[in-house]
Amino acid sequence: MSSVVEMSEVDPEGEPPRSSSRDQRFAAWFDHDYPRVVGVALRVLDRDARWMSSREVAEDLATEAFSRLRWSRRRGDAATTAVLQRTLDGCLDALVGHPGAVPVHPDVLGLDGDGDGDGLLSLAELQEALSTMRTADRHVGLLSLAAGYSPSETSALLQRPLDDV
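Rules used in this analysis
In this convention, every chain numbers its residues from 1, walking through the sequence in written order. Side-chain atom pairs in this predicted model are given and counted only at pLDDT of 80 or more, local residue features only at pLDDT of at least 70, and totals for whole chains, interfaces and linings cover all residues. Computation of side-chain values: all heavy atoms of the structure, hydrogens and water removed. Note on conventions: DSSP H or I runs of at least 4 residues are helices, E runs of at least 2 residues are strands, and numbering of each starts at the N terminus. For the exposure calls, accessible area comes from a 1.4 Å probe over protein chains only, and a residue counts as buried if that area is under 20% of its type's maximum, exposed if over 50%, partly exposed in between. Shrake-Rupley sampling with a 1.4 Å probe provides the accessible areas, and residues are treated as covered by the protein chains on show and by no other component. Here, the term nonpolar core denotes a set of buried Ala, Val, Leu, Ile, Met, Phe, Trp, Tyr and Cys residues that are joined through side-chain atoms within 4.5 Å. Any two residues having at least one pair of non-hydrogen atoms within 4.5 Å are treated as being in contact. Aromatic rings from Phe, Tyr and Trp, taking only the six-membered ring of Trp, are treated as a pair when their centres fall within 6.5 Å; an angle between ring planes under 30 degrees marks them as stacked, one over 60 as edge-to-face, and anything in between as tilted. One less than the number of residues in a helix, times 1.5 Å, gives the span that helix is expected to have. For helices, the fitted axis covers only the stretch in contact; all axes are lines through C-alpha atoms, and the angles between them, taken along N-to-C directions, range from 0 to 180 degrees. When describing relative orientation, an angle under 35 degrees is termed roughly parallel and one over 145 degrees roughly antiparallel, while 65 to 115 degrees is termed roughly perpendicular and anything else oblique. Each crossing gets its hand from how the near helix is turned against the far one by less than a right angle, where anticlockwise is left-handed and clockwise is right-handed. Following the grouping adopted for this structure description, the nonpolar residues are Ala, Val, Leu, Ile, Met, Phe, Trp, Tyr, Cys and Pro, the charged ones are Asp, Glu, Lys and Arg, and the polar ones are all others, Gly among them.

Draft legend 1. Representation of the overall build of the protein in the model. When you go through the protein residue by residue, the secondary structure sums to seven helices and four strands. Each helix and strand of the protein, placed in order from N terminus to C terminus, yields the pattern β-β-α-α-α-β-α-β-α-α-α. Burial statistics for the protein: of 165 residues in total, 38% are counted as buried. Looking at the protein as shown, the accessible area adds up to about 10,000 Å², and 50% of this sits on carbon and sulfur atoms.

Next up, the structure:
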């Protein structure tokens, strides 16, 4: 079920209302990219699909991002990247006090390989650490650490050079 509200123009001659081309373009963009943005947000919020409410939160965050950027002048990949970034900002807020944890490479956690850690990173701790960073770094951290995307996948999702990621 689409969350897009159809806007229409009223014809003064009593013809049935018709959607403007701008609304049709938005609807096509929304229908194409909304599931992908929700999927990324869901992976950030709940990589292992353990929390029932994660899908609803991911859908709400993506819907809000699309609605706020509906009239943006950006088009194509730039618009989708902007929506994804705004959704990731919402994901960061949603991770406050999150009870989950995600597996990460021991080097990222600073473990020496002694077996002192379980290789898990608390999402609440990740949120706390990322909240002090630059926005661009937050997005990379959410995608690579919380969602588990590789650097090349993160680079592609954010439309940033791999060296920056």
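Draft legend 2. How the structure looks around the environment of aspartate 23. Looking at where aspartate 23 falls in the secondary structure, it is placed in helix H1 (residues 21-45). Through-space distance from the C-alpha of aspartate 23 to that of arginine 70 is 9.4 Å; in sequence the pair is 47 residues apart.

Draft legend 3. Looking closely at the nonpolar core. The biggest cluster of nonpolar side chains holds 39 residues, and the ones touching the most others in it are Val44, Phe66, Val83, Leu88, Leu126, Leu142 and Leu143. At the level of secondary structure, the elements contributing two or more residues to this core comprise H1, helix H2 (54-68), helix H3 (76-94), helix H5 (123-130) and helix H6 (135-146). The leading source of residues in this core is H1, at eleven residues. When neighbours within four sequence positions are excluded, valine 44 is seen to be in contact with Leu88, Cys91, Leu95, Leu142, Leu143, Ala146 and Ala147.

Draft legend 4. How the structure looks around the packing of aromatic side chains. Applying the stated rule across the entire model yields six aromatic pairs. When the centroid spacing of 6.0 Å and the interplanar angle of 35° are considered together, the rings of phenylalanine 26 and phenylalanine 30 count as tilted. Here phenylalanine 26 and its partner phenylalanine 30 are both found in helix H1, four residues apart, which amounts to about one turn of the helix. In terms of burial, phenylalanine 26 and phenylalanine 30 fall into one category: buried. Each ring, one from phenylalanine 30 and one from tyrosine 34, has its centre 4.6 Å from the other, and the planes form 20°; the classification is stacked. Taken together, the positions of phenylalanine 30 and tyrosine 34, both in helix H1 and four residues apart, correspond to about one turn of that helix. Across this residue pair, the class does not change: phenylalanine 30 and tyrosine 34 are buried.

Draft legend 5. Looking closely at unusual backbone geometry. Within the chain, alanine 49 stands out as a residue other than glycine whose phi angle is a positive 55°. A relative accessible area of 68% places alanine 49 in the exposed class. Its identity is not glycine, yet glutamine 159 carries a phi of approximately 55°, on the positive side.

Draft legend 6. Highlighting H6. Between its first and last C-alpha atoms H6 spans 15 Å; for twelve residues at 1.5 Å apiece the expected length is 16 Å, and the two agree. Of all the residues in H6, the buried ones are His139, Val140, Gly141, Leu142, Leu143, Leu145 and Ala146. Looking one or two residues beyond H6, the residue adopting positive phi is glycine 148, at roughly 80°.

Draft legend 7. Up close: the packing of H5 against H6. Between H5 and H6, the shortest axis-to-axis distance is 10 Å and the interhelical angle comes to 160°. By the criterion of interaxial angle, the relationship of H5 to H6 is roughly antiparallel. As for how H5 packs across H6, the hand of that crossing is right-handed. Facing H5, whose interface residues are Leu123, Leu126 and Leu130, H6 presents Asp137, Arg138, Gly141, Leu142, Leu145 and Ala146. Taken together, the residues that form the contact of H5 with H6 break down as six nonpolar, one polar and two charged.

Draft legend 8. Expanded view of the packing of H1 against H2. Running from N to C, H1 and H2 cross one another at 135°; their axes reach a closest spacing of 8 Å. Classified by the angle between their axes, H1 and H2 sit oblique to one another. For the crossing formed where H1 meets H2, the hand is right-handed. Contact residues: H1 offers Phe26, Trp29, Phe30, Asp33, Tyr34, Val37, Val38, Ala41, Leu42 and Leu45, while H2 offers Ser54, Arg55, Val57, Ala58, Glu59, Leu61, Ala62, Thr63 and Phe66. Of the residues belonging to the contact of H1 with H2, the class tally is 14 nonpolar, two polar and three charged.

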